[in-house]
Amino acid sequence: MTETNGNSKNKLHGLWALTNRELKKWYKAPAVFVLTLIQPVIWLGLLGNALNLGSLVSPDSFTPPIITPPLNDFQMAQLGAYFQSLGNSILGNTFGTTSYISFMAVGMMAFTALFTTMFSGMSIVWDRRLGFLNKVLSTPVSRAVIILSKVFSAALRAMFQAGIILLIAIPLGFQVGLAFTPLNILGVFAFLFLICVGLSSLFIAVNIRSSRIETPMAVMNLLNLPLTFASSAFFPIERMPGWLQAVANVNPLSHTINGMRQLLINETIDYSLLALQYAYVGIFAAVLATIGIVLSWRYLNK
Amino acid sequence: MSEDIIKVEGLTKVFNHSLTAVDHISFSVKKGEIFGFLGPNGAGKTTTINMLITILKPTEGKATILGSDIANQSNEVRNSIGLVPQEYTADDDLTGYENILLCADLYGIPRSVSKKRAEELLQLVELTEFKDKKVQTYSGGMRRRLELAGGLINRPKVLFLDEPTLGLDVQTRAATWNYIKTLKKEFGMTLFMTTHYLEEADSLCDRIAIIDHGRIVVVGTPNELKDSLGGDIVTLSVEKEGDITGLIAGVAHVKEVKKENGSYTIKAESAEVAAPLIIETLRKASHVVTRLSLTKPTLNEVYLQYTGKSMRDAAEESGEAVMARRMMTMRRGH
């Protein structure tokens with residue numbers, strides 16, 4: 001049979017073809033592609049500037065106390081400078097950087113990973129509804145490959161978008177930390193890859209049996225906000241109330257974001273903490289990818 | 001018996017422990033034939049095809065394709081079959097050519113081979129001119145042809161077609177039948193198809209199984225099935241007055257003769273054989289035939305006989321399912 005149809009015996013055949021199929025739907029549809037480029041601009045440009053916490057501690061943001069004798073101009077300038085340096089130290093201690101937009105840009109990179117991977121759950125439901133899934137299942141492609149192609153394509157898309165966010169953040173005032181080297185960028189993408197593998201496996205596993213498009217929508221709505229706000233995306237965990245800290249500390253997004261902040265914007269890097277953060281996100285990815293593959297064996301053949 | 005490509009014994013599928021979609025069906029498909037599953041929506045056709053193409057596990061029973069068991073040797077089965085699904089599964093945003101190459105990749109066919117094959121297949125279904133156009137610009141008939149080409153990329157020994165002309169207009173449907181016939185001749189495959197169009201089953205299939213409520217009610221060639229109803233009808237009138245019932249009844253193949261309103265209604269085994277014999281006999285007895293018509297029973301009558309309801313009624317019952325599917329196709333087309 002092999003000579004007549006020339007089939008390969010490679011267990012992973014079709015992985016690139018199916019991954020590329022997902023990617024082509026994105027980069028070959030110009031409207032979709034442009035929108036994915038504009039979206040991060042809007043997020044960072046709007047949210048980053050709207051939530052500009054740095055401006056709270058500028059000399060213009062307080063009313064000088066009324067005392068007698070009144071402060072002269074020199075004293076006012078001194079007070080302003082003092083307030084500014086006090087503010088910067090609060091920002092630095094809270095966010096690990098005096099530039100809030102840098103703090104938030106890193107959170108946004110993780111946020112985009114969450115959003116992009118959510119759609120992989122939706123795409124498996126579409127494939128089922130449109131009959132494409134059945135078509136693929138009737139071919140000798142490994143069932144695990146079907147899941148992995150969705151996972152990898154979501155990861156590649158999210159990494160690309162996160163890169164765009166980083167590029168856009170630079171003209172908006174993104175400041176790298178003292179510990180930054182260009183090599184750290186690789187570490188950042190490693191974090192993004194791991195979190196995307198974990199999250200998209202999760203969303204696929206949840207939706208693998210569903211043929212209703214409402215299911216992934218409901219799952220997205222349910223998980224979207226808690227995963228975002230019970231994380232360190234917009235605010236440091238240490239300043240949250242205790243119960244929220246507990247939740248945020250379990251959230252793998254927090255560890256991803258904190259790890260990426262160490263690599264990009266913090267003044268120093270705590271390498272043992274970084275190792276722990278990689279381990280946490282890595283284990284999350286490995287466990288969920290395994291669950292996704294096991295479920296694919298079980299439920300793709302009914 | 002060694003010629004049986006598909007062998008099915010007692011195949012059963014029960015969903016959720018309660019809904020029996022396919023109920024102990026047995027049949028076999030011979031090498032090189034087009035075997036059709038005829039029945040309304042919800043009769044169990046798609047469930048059967050899904051079991052045979054290894055994407056549904058049977059609850060009970062056994063089936064082999066080219067000797068490989070569908071449950072235990074699914075990879076062997078998958079390598080030797082092709083599928084033309086009911087839906088349009090090609091990606092709108094990709095070109096026809098890219099879609100075919102994607103199919104090839106799913107079988108692990110190296111690009112050096114698949115590029116050539118894709119060109120050949122697109123030529124065969126007359127899409128070469130449109131191969132670099134995005135599928136979203138294709139018409140329904142072109143999409144159907146693209147699905148046909150995609151189903152053949154691995155040179156399957158058995159091709160499964162699930163409702164191959166669903167939703168196509170009459171002309172496109174006939175054109176699609178021609179493509180199917182050409183492809184079958186070209187590649188010498190065995191074809192298994194499902195349909196709820198009687199004309200399609202009649203003109204395309206070598207043998208038909210009528211399936212109703214998950215059971216096969218009868219299997220045979222379209223002609224056998226029609227003959228099983230008791231034969232064709234020949235109606236004729238002659239110039240002269242007088243009763244010639246006895247004369248006609250003596251002709252070979254004639255089963256029954258009735259005179260009604262001056263014309264004769266004759267039931268015969270095979271009208272096209274009986275009619276010339278009748279004319280010959282009457283001429284010898286110097287009777288001139290003035291009018292003659294032949295009526296062959298259609299599959300609709302066969303269907304009615306075996307399931308107790310007409311195919312059209314059955315189709316109406318499940319009209320909702322068809323509507324739902326159309327909605328999906330429409331939504332897909334933006």
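How each quantity is defined
- Residues numbered from 1 in each chain as written.
- Chains lettered and ligands numbered in written order.
- Predicted model: local features only at pLDDT ≥ 70, side-chain atom pairs only at ≥ 80, totals over all residues.
- Buried ≥ 20, exposed ≤ 12 C-beta atoms within 10 Å, placed from the backbone.
- Helix = DSSP H or I, 4+ residues; strand = E, 2+ residues; numbered from the N terminus.
- Right-handed = clockwise from strand over helix to strand, strands pointing away.
- Axes fitted to C-alpha atoms, helices over the stretch in contact; angles between N-to-C directions.
- Parallel < 35°, antiparallel > 145°, perpendicular 65-115°, else oblique.
- Left-handed = near helix turned anticlockwise from the far one by under 90°.
- Contact = placed C-beta atoms within 7 Å.
- Nonpolar A, V, L, I, M, F, W, Y, C, P; charged D, E, K, R; others polar.
- Pairing = 2+ DSSP bridges.
- Domains from an automatic or database assignment.
- Core = buried A, V, L, I, M, F, W, Y, C linked by C-beta atoms within 7 Å.
- pLDDT = per-residue confidence, 0-100.

Residues and elements named next belong to chain B. The element strand β7 (residues 158-162) is extensively covered by neighbouring structure, given that five of its five residues are classed as buried. Where burial is concerned, the two faces of β7 agree: the one with V158, F160 and D162 and the one with L159 and L161 are both buried. With helix α6 (residues 170-187) bridging β7 and the parallel strand β8 (residues 190-195), this β-α-β connection has right-handed handedness.

This paragraph deals with the packing of helix α3 (residues 30-50) of chain A against helix α7 (residues 143-169) of chain A. The relative placement of two packed helices comes down to the angle between their axes together with the axis-to-axis distance. Residues and elements named next belong to chain A. Interhelical geometry of α3 versus α7 gives an angle of 45° and a closest axis separation of 9 Å. By the angle between their axes, α3 is oblique relative to α7. Of the two possible hands of crossing, α3 and α7 adopt the one that is right-handed. Where α3 abuts α7, its residues T36, L37, P40, V41 and L44 lie against Q161, I164, I165, I168 and A169.

Here we take up the interface of chain A and chain B. Accessible area lost when the parts come together is the quantity often used to give the size of an interface. The partner chain B presents 30 residues to the 29 residues of chain A that form the contact. At the level of secondary structure, the elements contributing two or more residues to the side of chain A that touches chain B comprise α1 (2-5), α2 (15-27) and α6 (132-137) of chain A. By residue class, the composition of the side of chain A that touches chain B is nine nonpolar, 13 polar and seven charged.

Residues and elements named next belong to chain B. Strand order in this open sheet of six strands is β6-β7-β8-β3-β9-β10, and the pairing throughout is mixed. Every other strand in the sheet has two partners, leaving β6 (81-84) and β10 (215-220) as the edge strands with one partner each. In this sheet, adjacent strand axes meet at a mean angle of 15° when their direction is disregarded. As paired strands, strand β3 (residues 34-38) and β8 are joined by five bridges and run parallel to one another. Looking at the pairing, F37 lines up with T194 of β8. Sheet contacts for helix α5 (residues 140-151): β6 and β7; angle to β6, the most-contacted strand, approximately 170°. The strands that helix α11 (residues 299-307) touches are β9 (207-212) and β10; relative to β9, the one it contacts most, it runs at about 45°.

The next subject is the domain arrangement of chain B. Taken domain by domain, chain B holds domain 1 (4-225 + 305-332) and domain 2 (234-295). Summarising the inter-unit geometry, the C-alpha centres of domain 1 of chain B and domain 2 of chain B are found 44 Å apart.

A:A105 and B:F160 are the most contacted members of the largest nonpolar core, which has 141 residues in total. Not counting residues up to four positions away in its chain, the partners in contact with A:A105 are A:L44, A:G48, A:I165, A:L166, A:A169 and A:F174. Within the second largest apolar cluster, twelve residues are counted, among which are B:V234, B:L236, B:A268 and B:A275.

All right, on to the sheet that holds strand β11 (residues 232-238) of chain B then. Residue and element names in this part refer to chain B. One open sheet holds the four strands; their spatial order is β12-β13-β11-β14, and the pairing between them is antiparallel. Unpaired on one side and paired on the other, β12 (254-260) and β14 (289-295) mark the two borders of the sheet. Strand-to-strand twist across the sheet, computed as the mean angle between neighbouring axes with direction ignored, equals 20°.

Turning our eyes to something else, we now look at the confidence of the model for chain A. Residues and elements named next belong to chain A. Across chain A, the average pLDDT comes to 86, with 96% of residues at 70 or higher. The secondary structure element of chain A with the lowest average pLDDT is α1, at 40, and the one with the highest is helix α11 (residues 252-264), at 95. Every residue in residues 1-8 is under pLDDT 50, and counting partners more than four places away or in other chains gives 21 contacts.

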